[in-house]
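Survey of secondary and tertiary structure
Here are the chains, one letter per residue:
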Amino acid sequence: MPSFLRTAALIATLLCGSLAFAQDIPAERYHFPLTNAFEATVAGTPAYLRPEVPSDEDIDQADYRLSLNPQREFVLPDNFWAVRKLGYRLARQPQAAPLVFIIAGTGAHYSTGKSEWLKRLFYGAGYHVVQLSSPTSYDFIAAASRFATPGLSEQDAKDLYRVMQAVRAEHHDLPVTDYYLTGYSLGALEAAFVSHLDETRQSFNFKRVLMINPPVNLYTSVSNLDKLVQAKIEGVDHNTTFYELVMEKLSRYFHEQGFINLDQALLYDFQESAYALTDEQLAMLIGASFRFSVADISFTSDLINKRGLIIPPGTEIEVGTSLEPFFKRALLCDFDCYITQQLIPMWRALYDGGGLNQLVDQVSLYALEDYLRESDKITVMHNADDLILGEGDIGFLRRTFGDRLTLYPSGGHCGNMSYHVNARRMLELLRG
C-alpha cells in the first residue's frame, strides 16, 4: 500500500476511533420516560424510577461553617449575617473511606435537591461526602470568593480549592483513603478546573473526577438559558402574568385531585394531566429560574465591591432595609449585562484581560482541552438534548473524551440525574 494511503488510513482510524469510542446510549435501549427536554429539565426523574438510597435518618451528617474572609464580615450589611461564614455539609462513614466533593450548579446552595440526592447515592456506596455551594451562589460569593465576582473559571477553581483545603483541615481526624470530585451543570465545569489546579498543587490527587452535564462553551450555555425568558406565551398579556397563569393551572389541578401534594413527583404527575405546561411555558420557567440566579450574582457582587451599578452609591443597607428595589433592578441585568458591567472590567483590571471572545475561551472547557483529552481520570455524563449545549459542543466532547464520555439520548439538563440507569453509571465511573 502506498505510504500516503497508509497515512490516510491511519488518520481515518484515529478520527473514527475517537468518535466511535464514546459511550452513546441508543434511544431504544434507554427507557427514561421524559423525551421532552423541557419537561425533563423541570420535572426530573419520577420517584419510582430512582434507585434506593439512604434516608437522612440513616446518614451521619452535619453542617459546618468556615471563616475564610474575616475582613469581609465588616463589609457586609448586618442583614447578611447568615453568609459571613461559608456553610457546607459533611456526611461521614463510620470507618476509613474515600471522600467525594460535590460542587453544586449555577447559583445553588450546598443543600439543594440535586446535591442532596448525589450525597445519598455516594454515601450509600460507602463514600464520605462533602457538599459545596456553587461559587456563583450568594453565600459563596459573600463568604469565600476572593474578588466576589464569579465567572472566571480559573479563579473560581482557586476559591473552591481553598474551601476544600479548609474543610480537610477542619476534619483532619477523618480517615480518608482517596479523594474524588464531581459536580453537575456549572459545578461540573468547575470540577474540571479544580482538577487541573490540583495537578500542580497536589493537595488531593483526585483519583477520579466525574462531570455531569457540564457546559462546553459557558457563554453559549448562559445565552441559551437567557433566551428562554423571551418565549412568547399564549394567555400572558398586560392583564395576566406568567406566574398567575402557572398558579391558575396548579390550582385547578389540585382542586381536581382533591388534595395538595408537593412531593418530588409533583411536576411529573402534573405534566401528565390536562393542565400540563406547554413547551413555551416550561422554557419560561427554566429561563426565569436562571435569571433569578444571575440577579443574585449581580446584586451580591455589586454590594460587596461597591460598584454602584445595582445599589446606588452612598446607599446604606441596614437590618430593616428592603432589598426588593435592588433585586428588581438586578433582574433587569441579564448575564450579558453582568459580564459587560462587572466581570470583564474586573478581569481587565486584575489579569490584564482582553475582549469577550478571549474571556469565553478562558472560562470554557476549550481552555483545558489538552488536559481533558490526556487525563484518564476525568469522565463525563451528558444528554444529547441538553438545553445548555450549542452547535459543535457534542463534537467537542466526543473528540476530547472519547470512551470517557457517556451520552444519553434524552434527559434535558440534569433531568435524568436520579434515574437508576444513570445512578448506576455514576458509581461505575467513580470506581473506574
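Our structure is the block above this text.
Criteria and thresholds
- Residues numbered from 1 in each chain as written.
- Predicted model: local features only at pLDDT ≥ 70, side-chain atom pairs only at ≥ 80, totals over all residues.
- Heavy atoms only, no water.
- Buried < 20%, exposed > 50% of the residue type's maximum accessible area, 1.4 Å probe, protein only.
- Helix = DSSP H or I, 4+ residues; strand = E, 2+ residues; numbered from the N terminus.
- Pairing = 2+ DSSP bridges.
- Salt bridge = Lys/Arg side-chain N within 4 Å of Asp/Glu carboxyl O.
- Contact = heavy atoms within 4.5 Å.
- Axes fitted to C-alpha atoms, helices over the stretch in contact; angles between N-to-C directions.

Quick look at the pairing of strand β7 (residues 208-212) now. For a regular strand, side-chain orientation follows a simple rule: the groups alternate between the two sheet faces. Extensive coverage of β7 is indicated by the burial of 5 of its 5 residues. What you see with β7 is no split at all: Arg208, Leu210 and Ile212 on one side and Val209 and Met211 on the other are buried throughout. As paired strands, strand β6 (residues 176-184) and β7 are joined by 5 bridges and run parallel to one another. Bridging from a neighbouring strand, Leu181 pairs with Val209 of β7.

What follows concerns the pattern of salt bridges. Scanning the entire structure with this criterion turns up 14 salt bridges. Note that Lys119 and Glu116 form a salt bridge whose closest N and O atoms lie 3.0 Å from each other. Of this pair, Lys119 and Glu116 both sit in helix α3 (residues 113-124), 3 residues apart, which is roughly one turn of that helix. Accessibility expressed as a relative area gives 0% for Lys119, which makes it buried. Glu199 is the partner of Lys377 in a salt bridge, and the nearest nitrogen-oxygen pair spans 3.0 Å.

Strand order across the open sheet formed by 9 strands is β1-β9-β8-β7-β6-β4-β5-β3-β2, with mixed pairing between neighbours. For this open sheet the edge positions go to β1 (23-24) and β2 (61-66), each flanked by a neighbour on one side alone. Sheet topology places β2 next to strand β3 (residues 86-91); 6 bridges connect them, and they run antiparallel. Looking at β3, one finds that Gln61 is bridged to Ala91. Along the sheet, α3 contacts β2, β3, β4 (97-103), β5 (128-132), β6 and β7; its crossing angle with β5, the most-contacted strand, is approximately 170°. Along the sheet face, helix α6 (residues 186-201) touches β4, β6, β7 and β8 (378-383) and points at about 135° away from the line of β6.

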